[in-house]
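Observations on the three-dimensional arrangement
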Amino acid sequence: MNMTRYEQPMPAYKPPKKRRFFSWLAASLVGAVIGSGLTLYAAPMMGIPSTSSSTKESKETNVSTKTLPLQPTKSASNNMVTAIENVADAVVGVVNIQKQADFFSDSVQDQEAGTGSGVIFKKDGNIAYIVTNNHVIEGANKVEVSLADGEKVKAEIVGADPLTDLAVLKIPSSHVKKVAVFGDSSQLRIGEQVAAIGNPLGLDLSRTVTEGIVSGKRTMPISTSEGEWELNVIQTDAAINPGNSGGALINSAGQVVGINSLKISQTGVEGLGFAIPSEDVKPIIEQLMQYGKIKRPYLGVQLVDVSDLSDSVRKEQLQLPSDVATGAAVTAVEPFSPAADAGIQTKDVIVAINGEKVDSVAALRKYLYTNTKIGERVQIELWRDGSKKTVSLRLSERSQ
């Protein structure tokens, strides 16, 4: 229901009317003299305290007010304050350094290309591991980590995954004094208190803390250097700004429940920040530490969304029925790949895998990467030359 708020207009200012100054002054003086005399004469008879008595009582009142003790401040969010103190030193700055040409000397030099945040999550002997976003370190020639005390140390990229926007770095553990711990993001409730810790707008504002609640849990479509992906995220109204990427989203127990990743920054939009849940972060960073990459099932095809194609292409070249307007169309097949071995061809349109509908390239990729394993046999339904077919193939790992 639309409601309109009406407000009372402010009273208009009216200047005072002009009077004859001297007549007004004379009347005022006479009135003041008469009023003072009556007050001095009549006040004791009417029981009104004298001016000196009132002044004395006022002074006594002022003295007693100044001696009131200040009560200790009670913080309703004391748990969160403690949690932040326990985690803050495990949040670091991450500096992306790239080779860039010098306009004046035609030489190539290392220059800072951007900054983000990271979280120290593990110490293992002489090595300490840091999780951050892939987009924070993508394209870097070198990476530096700025610690809580301001010291900068060289970091090595252990592995990165563009699709999930996660990366792992390592530094000598001798520089590390605090390690964060992960909590179970699946236990988060809507409305639960959380805080984001990171370096908004650069290292000058390092380990800035913003507080809010869990606003929702959802899936967000994103574009990455490896294609479209649907990212599971925790939505929060805690402010997340450029430079916060890779920082920690913590709960009131001081556990990292998410890695801050993105926000919606449009005119008129506020409080829409997103973090990758810890339940998704943990298996990814474990694989990155073990293999330096994410091992995923591989089909061996290049695809395009059918919904992005014109009606003429769908009808004349792909020969799709009029009621088939979505799916993943094959534009190329890699030799010796699982798809090639199964006989999949260019212009085939994949519409289902293992009985699950496929309406886009992202949907096919999501199903493959989250519901299947390397070496598993899958059933793919597709349209070819106006007929529907089912193809069986065994998934493999992409060879490097």
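Scroll up to find the structure this text is about.
Conventions adopted
Residues numbered from 1 in each chain as written. Predicted model: local features only at pLDDT ≥ 70, side-chain atom pairs only at ≥ 80, totals over all residues. Heavy atoms only, no water. Helix = DSSP H or I, 4+ residues; strand = E, 2+ residues; numbered from the N terminus. Buried < 20%, exposed > 50% of the residue type's maximum accessible area, 1.4 Å probe, protein only. Contact = heavy atoms within 4.5 Å. Areas by Shrake-Rupley, 256 points an atom, 1.4 Å probe, with all protein chains shown as cover. Polar contact = N/O pair within 3.5 Å; in protein donor to acceptor, adjacent residues only side chain to side chain. Pairing = 2+ DSSP bridges. Axes fitted to C-alpha atoms, helices over the stretch in contact; angles between N-to-C directions. Phe/Tyr/Trp six-rings, centres within 6.5 Å; stacked < 30°, edge-to-face > 60°. Salt bridge = Lys/Arg side-chain N within 4 Å of Asp/Glu carboxyl O. 1 Å grid on protein atoms, 1.4 Å probe; cavity = no way out; pocket = protein on both sides within 12 Å on 5 of 7 lines; lining within 4 Å. Points joined across faces, edges and corners; volume = space filled by probe spheres on them. Nonpolar A, V, L, I, M, F, W, Y, C, P; charged D, E, K, R; others polar. Expected span 1.5 Å × (residues − 1). Arc of directions from axis to C-beta.

In this section: the overall build of the protein chain. A tally of helices and strands in the protein chain yields 8 helices and 20 strands. When each of the 400 residues of the protein chain is scored for burial, the buried share is 37%. A sequence separation of at least 24 residues applies to 62% of the contacts in the protein chain between residues at least 6 apart. Roughly 24,000 Å² of accessible area belongs to the protein chain as shown, and the carbon and sulfur atoms make up 51% of that amount.

On to unusual backbone geometry, then. Even without being glycine, Asp-165 reaches a positive phi, approximately 60 degrees. Looking at the element boundaries, Asp-165 is found in the loop between strand S5 (152-161) and strand S6 (166-172). Positive phi, normally seen in glycine, also occurs at Gln-319, with a value near 55 degrees. If you trace the backbone, Gln-319 turns up in the loop between helix H6 (311-317) and strand S15 (328-333).

Moving on: the side chain of Thr-372. Position of Thr-372 relative to the elements: it lies in the loop between helix H8 (361-371) and strand S18 (377-384). A distance of 2.4 Å separates a polar side-chain atom of Thr-372 from the backbone oxygen of Leu-368. Excluding residues that lie within four positions of it along the chain, Thr-372 makes contacts with Pro-297, Tyr-367, Val-378 and Leu-395.

Attention shifts here to the pairing of strand S2 (residues 108-124). Pairing analysis gives 11 bridges linking strand S1 (residues 91-101) to S2, with the strands arranged antiparallel. Counterpart to Val-92 in the pairing with S2 is Gly-118. Across 5 bridges, the pairing between S2 and strand S3 (residues 127-132) is antiparallel. The residue bridging Val-119 from the neighbouring strand is Val-131, located in S3. Hairpin connection of S2 to S3: 2 residues between the antiparallel strands, including Gly-125 at a positive phi of 65 degrees.

Let's shift gears to H8. The element H8 is extensively covered by neighbouring structure, given that 8 of its 11 residues are classed as buried. Taken as a whole, H8 has its buried residues at Val-361, Ala-362, Ala-363, Leu-364, Arg-365, Lys-366, Tyr-367 and Leu-368. Tucked inside the fold, the buried residues of H8 contact strand S9 (227-236), strand S13 (297-298), strand S14 (301-305), S15, strand S16 (349-353) and strand S17 (356-357).

Taken together, the 6 strands give a closed barrel; going around it, the order is S7-S8-S9-S12-S11-S10, and neighbouring strands pair in antiparallel fashion. Each adjacent strand pair in this sheet contributes to an overall mean axis angle of 50 degrees, direction not counted. Across 6 bridges, strand S7 (residues 193-198) lies against strand S8 (residues 208-224) in antiparallel orientation. Looking at S8, one finds that Gly-198 is bridged to Thr-208. Those strands touched by helix H5 (residues 278-291) are S9, strand S11 (256-263) and strand S12 (273-277), and its axis lies near 50 degrees from that of S12.

Using the criterion set out here, one finds 3 aromatic pairs in the structure. Both rings, one in Phe-121 and one in Phe-182, keep their centres 6.0 Å apart while their planes meet at 50 degrees; by these two values the pair is tilted. Placement of Phe-121 in strand S2 and of Phe-182 in the loop between S6 and S7 is noted, with a sequence separation of 61 residues between them. Judged by relative accessible area, Phe-121 falls into the buried class, the value being 11%. Residue class for Phe-182 comes out partly exposed when judged on its relative accessible area of 27%.

Applying the stated criterion across every chain yields a total of 9 salt bridges. Its salt-bridge partner being Asp-161, residue Arg-296 comes within 2.7 Å of it at the nearest N-O pair. Taken together, the residues span a long stretch of sequence, with Arg-296 in the loop between H5 and S13 and Asp-161 in strand S5 at a distance of 135 residues.

Our next topic: the sheet that holds strand S4 (residues 142-146). Spatially, S1-S2-S3-S6-S5-S4 is the arrangement adopted by the 6 strands of the closed barrel, whose pairing is antiparallel. Here the strands of the sheet are splayed against their neighbours by 40 degrees on average, with no regard to which way each runs. Its contacts with the sheet place H5 against S2, S3, S5 and S6, and it is angled at close to 55 degrees to S6.

Approximately 650 Å³ is the volume found for the largest pocket. In terms of lining, the largest pocket is formed by 26 residues, of which the most central are Glu-226, Pro-297, Tyr-298, Tyr-369 and Arg-398. Those elements that place two or more of their residues in the lining of the largest pocket are S5, S13, S14 and H8. Among the elements that line the lining of the largest pocket, the one with the most residues is H8, at 5 residues. Along the lines of polarity and charge, the residues of the lining of the largest pocket split into 13 nonpolar, 4 polar and 9 charged.

Attention now moves to H5. If you check H5, its first and last C-alpha atoms are 20 Å apart, about what 14 residues at 1.5 Å a residue would give, namely 20 Å. Considered for burial, the residues of H5 that qualify are Ser-278, Val-281, Ile-284, Ile-285 and Leu-288. The buried residues of H5 occupy an angular sector of 125 degrees when projected down its axis, which confines them to one face. Structurally, H5 contributes buried residues whose contacts are with S2, S3, S5, S6, S11 and S12. Phi turns positive, to about 80 degrees, at Gly-292, one or two residues after H5.

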